[in-house]
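This is what each chain is made of:
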Amino acid sequence: MALPPSSKYLQRAGDPVDEVERESITSRLNGAFADGRITHDEYAHAMDVVYDARTLGDLVPVVERLPAAATSVPAIVEQSGPPAGKVTTTRDLVPLAIGAGVVGVTLTAVLLLLVVLLFL
């Protein structure tokens, strides 16, 4: 796959390759080889190019042939839940409402008792 003209490998072809860039490409190559997306010969050749490269432009042949990263499902998508479009069951809020009512009545009774005791 040809790189877009805006690619840093084309725009800054003369810039030196830093270790972070080298490790990033190496990691992608390792993943592609482990997933079977490239052969051993392709992997070995690409690794030779990566570690012989002096400039970003030297990496163009490797980056152009590097397969797209394997797609992984984000953790939030893997979380279980109802299928899309299915309505979940409603929660039974009756016990919560009864509990809130009991607490409210109790607090009101305590306040009335305090008012009576203070003013008598």
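Above this text is the structure in question.
Residues numbered from 1 in each chain as written. Predicted model: local features only at pLDDT ≥ 70, side-chain atom pairs only at ≥ 80, totals over all residues. Heavy atoms only, no water.

### Quick word on the packing of aromatic side chains
Short version of the rule: Each aromatic pair joins two rings of Phe, Tyr and Trp (for Trp, the six-membered one) with centres within 6.5 Å, and gets the label stacked for planes under 30 degrees apart, edge-to-face for over 60, and tilted for any other angle. Think of it this way: any DSSP run of H or I at least four residues long counts as a helix, any run of E at least two long counts as a strand, and we number them from the N terminus. Each residue is assigned to one of three classes by its accessible area relative to the maximum for its type, calculated with a 1.4 Å probe on protein chains only: buried under 20%, partly exposed between the two thresholds, exposed over 50%.
For the coordinates displayed, the defined rule picks out 1 aromatic pair. Measuring from centroid to centroid gives 4.6 Å for F33 and Y43, while their planes differ by 20°, and the two rings are stacked. Taken together, the residues F33 in helix 2 (residues 19–34) and Y43 in helix 3 (residues 40–52) connect sequence positions 10 residues apart. For Y43, a relative accessible area of 17% puts it in the buried group.

### Notes on a nonpolar patch on the surface
As a reminder, the rule being used: Here the term patch refers to residues with relative accessible area over 30% and no salt bridge, with like charges joined within 9 Å and nonpolar side chains (Val, Leu, Ile, Met, Phe, Trp, Tyr) within 5 Å. Note on areas: Shrake-Rupley, 1.4 Å probe, and residue coverage restricted to the protein chains presented here. We define a salt bridge as a contact between a side-chain nitrogen of Lys or Arg and a carboxyl oxygen of Asp or Glu at a distance within 4 Å.
Residues V110, L111, L114, V115, L118 and F119 make up a contiguous nonpolar surface patch of about 650 Å² in total accessible area. Locating L114 in the fold gives a position in helix 6 (residues 94–119). A residue is classified by how much of its surface remains accessible, and L114, at 46% relative accessible area, is partly exposed.

### Looking at the nonpolar core
Rule in force here: Put simply, buried Ala, Val, Leu, Ile, Met, Phe, Trp, Tyr and Cys residues joined by side-chain atoms within 4.5 Å make one nonpolar core. Contact definition: two residues touch when any of their heavy atoms are within 4.5 Å.
In this structure, Y9, I25, L29, V50, L59, V62 and V63 are the most contacted members of the largest nonpolar core, which totals 19 residues. Elements represented by at least two residues in this core include exactly helix 2, helix 3 and helix 4 (60–65). By residue number, the principal contributor to this core is helix 3, which donates 5 residues. Setting aside residues up to four positions removed in sequence, V63 forms contacts with L3, Y9 and I25.

### Describing the pattern of salt bridges
This model, assessed by the stated rule, comprises 4 salt bridges. For E21, the salt bridge goes to K8, with nearest N and O atoms at 2.6 Å. Highlighted residues: E21 in helix 2 and K8 in helix 1 (residues 8–11), separated in sequence by 13 residues. E19 is the partner of R22 in a salt bridge, and the nearest nitrogen-oxygen pair spans 3.4 Å. With R22 and E19 both in helix 2, this residue pair falls 3 residues apart, about one helical turn.

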